[in-house]
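# Examining the three-dimensional arrangement
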Amino acid sequence: MYTAGITTGFGELAMEFHVGNSKLTDTVSYPVMALGVGNIIWTPTAAILGKRPTIITSMLIFLGCCIWSIKASTFDSLTASRVVACFGAGSVESLGPAIIADMYMERYFATSMAVFSFFLSGGAQVGPMIAGFLITAKGWRWFFILCAILIGANLLLVLFFLPETNYRPSGLNQPYAGSYWKDLVNFKNRGTEPAGVVSWFRRFSLPFRFILVPQALFAAASYGVFLGGIVMISTFSPQYFIPPPYLFKASGLGLFSLASALGILVAYPIAGPFTDWLSRYLGRRSRSEFHVPEYRMPALIIPFIVAPPGLLLFSYTISEGRSVYIAAIGAALQVSSVTFVPSVVLSVMVDGWPAAGSEAMVLINAGKNLVAFAITVSLPSWQARKGLVRMTWEMVAIEWAVLALGLPLYFAGPWLRQKTMWIVHEDAKEQLQVGN
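Residues numbered from 1 in each chain as written. Predicted model: local features only at pLDDT ≥ 70, side-chain atom pairs only at ≥ 80, totals over all residues. Heavy atoms only, no water.

## As for the overall build of the chain
Put simply, the rule reads: Each helix is a run of DSSP H or I of at least 4 residues and each strand a run of E of at least 2, with the numbering of both proceeding from the N terminus. When accessible area is computed with a 1.4 Å probe and restricted to protein chains, residues below 20% of their type maximum are described as buried, those above 50% as exposed, and intermediate ones as partly exposed. Residue contacts follow a heavy-atom distance rule, with two residues in contact if any of their heavy atoms lie within 4.5 Å. Under the convention used here, a 1.4 Å probe and the Shrake-Rupley method define accessible areas, while residue burial counts only the protein chains that appear. Lys and Arg are tallied as positive, Asp and Glu as negative. Neither His nor the chain termini are counted. By convention, charge coordinates are those of NZ in Lys, CZ in Arg, CG in Asp, or CD in Glu.
A tally of helices and strands in the chain yields 19 helices and zero strands. With the C-alpha coordinates aligned to their principal axes, the bounding extent of the chain is approximately 65 × 50 × 30 Å. The buried share of the chain, taken over its 436 residues, is 56%. Considering only residue pairs separated by 6 or more positions, the chain has 80% of its internal contacts joining residues 24 or more positions apart. Total accessible area on the chain is roughly 18200 Å²; 69% of this is exposed by carbon and sulfur atoms. Averaging the positions of the 29 positive and the 21 negative side-chain charges in the chain gives two centres separated by 2 Å.

## What to know about the packing of helix α11 (residues 214–241) against helix α14 (residues 324–335)
For clarity, the threshold we go by: Axis angles are defined between N-to-C directions and span 0 to 180 degrees, where every axis is a line fitted to C-alpha atoms and, for a helix, only to the segment in contact. Any angle that is under 35 degrees is reported as roughly parallel, and any over 145 degrees as roughly antiparallel; angles of 65 to 115 degrees are reported as roughly perpendicular and all others as oblique. A crossing counts as left-handed when the near helix is turned anticlockwise from the far one by less than a right angle, and as right-handed when that turn is clockwise. For this classification, Asp, Glu, Lys and Arg are treated as charged, while Ala, Val, Leu, Ile, Met, Phe, Trp, Tyr, Cys and Pro are nonpolar and the rest, including Gly, are polar.
Put simply, α11 and α14 touch, their axes get as near as 9 Å, and they point 160° apart. The orientation of α11 with respect to α14, classified from their angle, is roughly antiparallel. The way α11 lies across α14 gives a crossing that is left-handed. Contact residues: F226, G229, I230, I233 and F241 in α11; V324, A327, A331, Q334 and V335 in α14. Of the residues belonging to the contact of α11 with α14, the class tally is eight nonpolar, two polar and no charged.

## A look at helix α18 (residues 406–419)
Quick reminder of the rule: Bend, in this description, refers to the angle at a residue between axes fitted to the seven residues ending there and the seven starting there.
If you look at α18, its biggest bend is around 70°, right at A412, and the proline P414 turns up within four residues after that. Along α18, the residues that are buried comprise G406, L409, G413, P414, L416 and R417. Among the structural elements, α11, α15 (337–352) and α17 (388–404) are those in contact with the buried residues of α18.

## Notes on the nonpolar core
Convention followed: Working definition of a nonpolar core: buried Ala, Val, Leu, Ile, Met, Phe, Trp, Tyr and Cys residues. They are joined through side-chain atoms within 4.5 Å.
Core analysis: the biggest nonpolar cluster contains 44 residues, and Y2, L13 and F144 have the highest contact counts within it. Not counting chain neighbours up to four residues away, the residues in contact with F144 comprise Y2, I6, C66, S69, I70, L78 and R82. Residues I100, L278, A307 and L416 belong to the second largest nonpolar core, which totals 37 residues.

## A word on helix α6 (residues 91–103)
Where we set the bar: Multiplying 1.5 Å by the helix residue count minus one yields the expected span of that helix.
Between its first and last C-alpha atoms α6 spans 18 Å; for 13 residues at 1.5 Å apiece the expected length is 18 Å, and the two agree. Within α6 the residues assigned to the buried category are S91, E93, S94, L95, G96, P97, A98, I99 and I100.

## Quick word on the packing of aromatic side chains
Heads up, the rule is: Between 30 and 60 degrees the pair is tilted, below 30 it is stacked and above 60 it is edge-to-face, where a pair is any two Phe, Tyr or Trp rings, Trp via its six-membered ring, whose centres lie within 6.5 Å. Whether a charge sits over a ring comes down to the Lys NZ or Arg CZ being within 6 Å of the ring centre and within 35 degrees of the ring normal.
Using the criterion set out here, one finds 23 aromatic pairs in the structure. Ring geometry for W277 against Y281: centres 5.2 Å apart, planes inclined by 10°, an arrangement best described as stacked. Here W277 and its partner Y281 are both found in helix α12 (residues 250–286), four residues apart, which amounts to about one turn of the helix. On the basis of relative accessible area, Y281 is assigned to the partly exposed category, the value being 31%. Through successive ring pairs, a cluster of aromatic residues spans Y2, F17, F62, F75, W140, F143 and F144. The ring of W353 has R417 sitting right over it, with the charged end atom 5.9 Å from the ring centre.

## Topic: unusual backbone geometry
Omega for the bond connecting P244 with P245 falls within 30 degrees of zero, at 10°, which places this linkage in the cis form. Inspection of the secondary structure assignment puts P245 in the loop between α11 and α12. Phi at H18 is positive, roughly 55°, even though this residue is not glycine. Here H18 is to be found in the loop between α2 (10–17) and α3 (21–49). The class for H18 is exposed, based on a relative accessible area of 71%.

## Quick word on the confidence of the model for the chain
Heads up, the rule is: pLDDT measures how confident the predictor is about each residue, on a scale from 0 to 100.
Looking at the chain as a whole, its pLDDT mean stands at 87, while 94% of the residues score no less than 70. In this model, residues 427–436 is a region of pLDDT below 50 whose contacts with residues beyond four sequence positions or in other chains number 25 contacts.

## Describing the environment of L346
Looking at where L346 falls in the secondary structure, it is placed in helix α15. Put simply, L346 and L35 are 311 residues apart on the chain and 17 Å apart in space, counted from C-alpha to C-alpha. Contacts of L346, omitting those with residues within four sequence positions, involve M113, Y223, M361 and I364.

Quick look at the structure:
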């Protein structure tokens, strides 16, 4: 919500700070990059200090910088506040899937990942709708006031209802404090590293091993490319809907983003439960003694068919000034991909590397945000060179090409996992189950 919601206020920001569209895009692109950097920093910190204290610390940074956004008096100050705020918010992207891996069995991975992706992407779609009406009525600063209120409420919920999920090797666990409430305030020895802080740089380096794991690179690229397509819609919506023939206010842009959220609502029951069912079905048909995480990957045929045509429909509609309702359908189809794609690729990684799932999530989320940042920051110059429609065709070709790489991974995934086993640290190797 915080990252994407401000796009509905681009018109107001342009008038107040006298900046053009390329500068306005910076308020989205650089925060997206900061989310990825946050992933890299917060995950090793959680391994040392524990997930609960790390999330609390990151949320305090998020809240403080949101207040900074409220008080920002220059465009550069606003952009800087959003960058640092998103660095704090980045903890949830990697630690969220890691907490899921701590709490749920393999058969529910895709469903739980779909719920996580639903709320993560739902905020990015519902947030602009709320922001649009609020900015129209009260101005853009009130959007950040609302964000600060919600972050504060969320922080309170975390303080009272998010226990530590880290578990250390047998014999090293912190003794249970005796009650749920006492355990919440016990922050000592919550990390998984017996050596403590001196192990931070070693933990920091571990995710980069997954650069040589094809499944991790595919997950980062596919998730990032489709996220980039969604940012493309959010960025171009103000540019095309505020001038004639649409003449949208911020509230109208918000309603348009709400239509996109319908894509997430429709995709969720298919993305999660269907993907888990498909994995169990193909497992029974194979009659293999080993579980194969890649059995979830055929579910990617749905976003392959649905999402890229949706982006084309959106582009052709707004470039020709046609019905906004048709453009909304196209946006909804593209937005559905952020539920479909991560529910498959993230569950494959958590399932295939259970002991190193949080490290894989770091690389995937950082890589995903880096890809989305590269796409977002290049949008103004890309559009100027190619035009909206031709640029969209190139973006769609990239989406199809990246998803097509899932086909060889489906067949060669178990073999590749076996060949790259040496990359993963020892405690992960013991838990790998390779189908061959």
